[in-house]
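# Residue-level structural notes
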Amino acid sequence: MFKDLVALTKPRIIRLNLIAAFGGFWVASHWHIDWWLLAWMLLGTTLTMAAACVFNNYWDRDFDTKMARTQDRALPQGRLKPSFVLGYSIVLGVLGLGILYVLVNPLSFWLGLLGMFVYGVVYTIWLKRSSTWSTSVGGISGAMPPVIGYCAVTNEVDAGAWILFALLFLWQPPHFWSLTIRRVEEYRAAGFPVLPVVKGILRTKWQMIPYIALLLVASILLYTYDYVGIFYLVLSVVIVGAWLLHAISGLRAKDTDKWAKMDFLFSVNYLMVMFLVMILDTNGV
């Protein structure tokens, strides 16, 4: 049961987003770290994200029976009752938002609540089953962790917060689309109107390109506004530039599955590497 409770929170997603939240906090702190504030921010953010992910599992339990990669989850297999999972989500959400409000600051609470609402209501309940816009709009919730981390320190939404938001918001659609391209038939069979299913794989490849190009711009702006140093700038330009070229090459790729797998690896490694470099190359004051 414990393994199922952990799996419901989608720990891989949480791990990636915690790196982003940590990066946002570090950038705003300029190496002057309030360790207790950092710990409470990470805990509150973790619980808030976990609540949203558990609710997503609860709501999608019927669709999860239709896809090979989700059929073994606790709800489709009947190992946990839906009412229990819903209660589990509510408890996690109350704890996470409570920690953000009381032990971090009210702004972090509102950002966390916004992320939960977009992911749980706008994305999961509404758009995921009805529109190809689900991926882009759902990116709003996925972009909250670094903003929460940043605003935990600054207690305001300024240029730094918006740039960090842009980094995660622009990263998510091409990251997700590279996955859906590989599993397009599973999504089609399950009835999810993701972009490759509705508009086709070639259209999806074209749509990935502007997101990655704008991600390059956002990376440069983080340096321009003096949040990070030259090392971050050079590395981000190289990595995102390489990712952009690879995305463009996909327009003529003969082996789409192989191309999509490599593109997915580009996206995952980009997020981990660039936020670690962002932390190490944060400018002091």
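How each quantity is defined
Residues numbered from 1 in each chain as written. Predicted model: local features only at pLDDT ≥ 70, side-chain atom pairs only at ≥ 80, totals over all residues. Heavy atoms only, no water. Helix = DSSP H or I, 4+ residues; strand = E, 2+ residues; numbered from the N terminus. Buried < 20%, exposed > 50% of the residue type's maximum accessible area, 1.4 Å probe, protein only. Polar contact = N/O pair within 3.5 Å; in protein donor to acceptor, adjacent residues only side chain to side chain. 1 Å grid on protein atoms, 1.4 Å probe; cavity = no way out; pocket = protein on both sides within 12 Å on 5 of 7 lines; lining within 4 Å. Points joined across faces, edges and corners; volume = space filled by probe spheres on them. Phe/Tyr/Trp six-rings, centres within 6.5 Å; stacked < 30°, edge-to-face > 60°. Lys NZ or Arg CZ within 6 Å of the ring centre and 35° of its normal. Expected span 1.5 Å × (residues − 1). Contact = heavy atoms within 4.5 Å.

Tracing the backbone through its elements, the reader meets Asp-60 in the loop between α3 (35-59) and α4 (61-64). A residue is classified by how much of its surface remains accessible, and Asp-60, at 0% relative accessible area, is buried. When the C-alpha atoms of Asp-60 and Ile-33 are compared, they prove to be 39 Å apart, with 27 residues separating the residues in sequence. A distance of 3.2 Å separates the side chain of Asp-60 from the side chain of Arg-129, its partner in a polar contact.

What follows is about the side chain of Gln-172. Here Gln-172 is to be found in helix α9 (residues 159-182). A polar contact of 3.0 Å, which involves the side chain of Gln-172, links it to the backbone oxygen of Leu-168.

The computed volume of the second largest pocket comes to approximately 210 Å³. Phe-55, Ser-89, Met-116, Phe-117 and Gly-120 are the residues nearest the centre of the second largest pocket, which is lined by 13 residues in total. Taken together, the elements giving at least two residues each to the lining of the second largest pocket come down to α3, α5 (82-104) and α6 (106-126).

On to the environment of Arg-73. The residue Arg-73 is located in the loop between α4 and α5 in this model. Its relative accessible area of 25% is what places Arg-73 among the partly exposed residues. Distance from Arg-73 to Ser-141, taken between C-alpha atoms, is 23 Å for residues 68 residues apart in sequence.

In this structure the tally under the stated criterion is 16 aromatic pairs. Centroid distance Trp-162 to Phe-165: 6.0 Å. Interplanar angle 80°. Geometry classified as edge-to-face. Residue Trp-162 and its partner Phe-165 are located together in helix α9, separated by 3 residues, close to a single helical turn. Between the aromatic rings of Trp-243 and Tyr-270, the centroid separation amounts to 6.0 Å while the plane-to-plane angle is 40°, which identifies the pairing as tilted. Taken together, the residues span a long stretch of sequence, with Trp-243 in helix α13 (residues 230-249) and Tyr-270 in helix α14 (residues 256-280) at a distance of 27 residues. Of the two residues, Trp-243 and Tyr-270, both sit in the buried class. Counting every residue linked through ring pairs, the aromatic cluster contains Phe-22, Trp-26, Trp-31 and Trp-35. Positioned above the aromatic ring of Tyr-58, the side-chain terminus of Arg-61 is 4.5 Å from the ring centre. It is Lys-205 that lies over the ring of Trp-259; its NZ or CZ is 4.9 Å from the centre.

Here we come to α14. Counted at 1.5 Å a residue, the expected span for α14 with its 25 residues is 36 Å, and the 36 Å between its end C-alpha atoms agrees. Turning to α14, its buried residues are Trp-259, Ala-260, Asp-263, Ser-267, Val-268, Tyr-270, Leu-271, Met-274, Phe-275, Val-277, Met-278 and Ile-279. Of the surrounding elements, those touching the buried residues of α14 are α2 (11-29), α8 (144-154), α9, α12 (201-224) and α13.

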